[in-house]
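Per-entry structural report
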Amino acid sequence: MIYIRKSEDRGFGEHGWLHTKHSFSFAEYYDEKHMGFRKLRVINEDQVEPSKGFPTHSHQNMEIITYIISGKLEHRDSLGNGSIIVPGEVQLMSAGKGIQHSEFNHSHSELVHFLQIWIEPSIKNGEPSYEQKDFSNSDEKFTLVVSSDGKQNSLKIKQDVKIYRGVLKQNESFSYKISGERHAWIQIVKGNLNVENEIFLQQGDGLAFSNEEIISLSTKNFESEFLLFDLP
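Below or above, wherever it landed, is the structure these notes cover. Numbering of residues begins from 1 in every chain and follows the order in which that chain's sequence is written. The predicted nature of this model means local features are confined to residues of pLDDT at least 70 and side-chain atom pairs, given and counted, to a pLDDT of 80 or more, with totals for whole chains, interfaces and linings taken over all residues. Side-chain numbers here rest on the full set of heavy atoms in the structure, without hydrogens or water.

Cavities and pockets are defined on a 1 Å grid built over the protein atoms alone: a cavity is a set of grid points where a 1.4 Å probe fits but cannot escape, while a pocket is an open set with protein on both sides within 12 Å along at least five of seven lines, and lining residues are those with an atom within 4 Å of any such point. Grid points are joined across faces, edges and corners, and a volume is the space filled by probe spheres set on the points. Roughly 320 Å³ of internal volume is contained in the largest pocket. Forming the boundary of the largest pocket are 18 residues, of which L18, H22, F26, A27 and F54 lie nearest the centre. Under the DSSP-based scheme used, a helix requires at least four consecutive residues in state H or I and a strand at least two consecutive residues in state E, with every element numbered from the N terminus. If you list the elements that add at least two residues to the lining of the largest pocket, you get β2 (11-14), β3 (18-22), β4 (40-48), β5 (53-59) and β11 (112-119). Note on residue classes: Ala, Val, Leu, Ile, Met, Phe, Trp, Tyr, Cys and Pro are nonpolar, Asp, Glu, Lys and Arg are charged, and everything else, Gly too, is polar. Among the residues forming the lining of the largest pocket, the class breakdown is 7 nonpolar, 8 polar and 3 charged.

One bridge is not enough; two strands pair if DSSP finds at least two bridges between them. Pairing is mixed in the open sheet, where 7 strands are placed in the order β1-β20-β17-β22-β15-β13-β14. Two strands bound the open sheet, and with one partner strand each, they are β1 (2-5) and β14 (155-156). Two elements, β1 and strand β20 (residues 206-210), share 4 bridges in a ladder whose sense is antiparallel. Note on β20: the bridge partner recorded for Y3 is A208.

Once that is clear, we can look at unusual backbone geometry. For residues other than glycine, phi is negative in most cases, and the peptide bonds are mostly trans. Of note, N125 is a non-glycine position whose phi angle comes to about 60°, a positive value. Tracing the backbone through its elements, the reader meets N125 in the loop between β11 and β12 (129-134).

Inspection of the secondary structure assignment puts S138 in the loop between β12 and β13 (142-147). The rule is simple: take the accessible area with a 1.4 Å probe, protein chains only, and divide by the maximum for that residue type; under 20% is buried, over 50% is exposed, in between is partly exposed. What makes S138 partly exposed here is its relative accessible area of 27%. Taking C-alpha positions, S138 is 25 Å from E196, a pair spaced 58 residues apart along the chain. In protein, a polar contact requires one atom able to donate a hydrogen and another able to accept it; more generally it is a pair of N or O atoms within 3.5 Å, and residues adjacent in sequence count only if both atoms are side-chain atoms. In terms of polar contacts, S138 uses its side chain to reach the side chain of T143, at 2.7 Å.

Only rings of Phe, Tyr and Trp enter the pairing, Trp through its six-membered ring, and a pair is recorded when the two centres are within 6.5 Å. The plane angle decides the type: under 30 degrees is stacked, over 60 is edge-to-face, the rest tilted. Across all of its chains, the model carries 10 aromatic pairs by this definition. Relative to F226, the ring of F142 has its centre 6.1 Å away and its plane inclined at 45°; by these criteria the two rings are tilted. Highlighted residues: F142 in strand β13 and F226 in strand β22 (residues 224-231), separated in sequence by 84 residues. As far as burial versus exposure is concerned, F142 and F226 are alike and both buried. In textbook terms, an aromatic cluster arises when at least three aromatic residues are bridged by ring pairs, as seen for F142, Y164, F174, Y176 and F226.

Turning next to the sheet that holds β2. Strand order in the open sheet formed by 7 strands is β2-β3-β4-β11-β6-β9-β12, with antiparallel pairing between adjacent strands. Edge positions in the open sheet fall to β2 and β12, since each of these has one partner strand only. Shown here is a sheet whose adjacent strand axes are inclined to one another by a mean of 15°, direction ignored. As defined by bridge partners, β3 adjoins β4 across 5 bridges and the pair is classed as antiparallel. Along β4, the bridge assignment pairs H22 with N44. Angles shown run from 0 to 180 degrees and are taken between the N-to-C directions of axes, each axis being a line fitted to C-alpha atoms and, for helices, limited to the stretch in contact.

Another aspect to go through is the pattern of salt bridges. For salt bridges, the criterion is a side-chain nitrogen of Lys or Arg within 4 Å of an Asp or Glu carboxyl oxygen. Counting across every chain of the model gives 8 salt bridges. The closest approach of N and O atoms between E45 and R10, which form a salt bridge, is 3.0 Å. Residue E45 is located in strand β4, and its partner R10 is located in the loop between β1 and β2; the two are separated by 35 residues in the primary sequence. On the accessibility criterion, E45 (7% relative accessible area) is buried.

Here it is, written out as structure tokens:
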């Protein structure tokens, strides 16, 4: 099964300081046909105006990944963490039994553009935790950035999920094997991507795979940056 979630079909919200698009039902946007995919519950593409952001709020029992597309995002939380997240870095906050945090655009003049991703944990009411790592120096086409065991210097998540950052230059290709009865979701961050030499994806598009053994990805006269989620 292959399912395409086009960018223009996503839910959206305009809040003055926040411009957001929702791949799945979130907040005031509800669509019973798009409640998530497997353990992947939220993919929000957010753009926040300069010096604006989300004041302190709480989360429980959710694995929250932040992926910066452009700009700088300032983070503070109740564990005492304070950081600036920039493109190439990935943040993983495990909310566990409860955590409070705030997120603001660190710039006074430029938008910050990022993906926020929520994944349901396999363990509830655990201890909250926080990690942030820079993957910008990787020259690999495919880099493991999140996993359940922290292999290859990836961030460790409380779920049987792998998240890869894919970066393909012009006229490059890559094939990914899906093991057993697992599933995959691709989210286009920048540029365009050909899948199976039949499906053309653009920025903001998502693609779900089930019951497929190998995914063939390629570029032609364009480049692509994307995330691939390998899910139970």
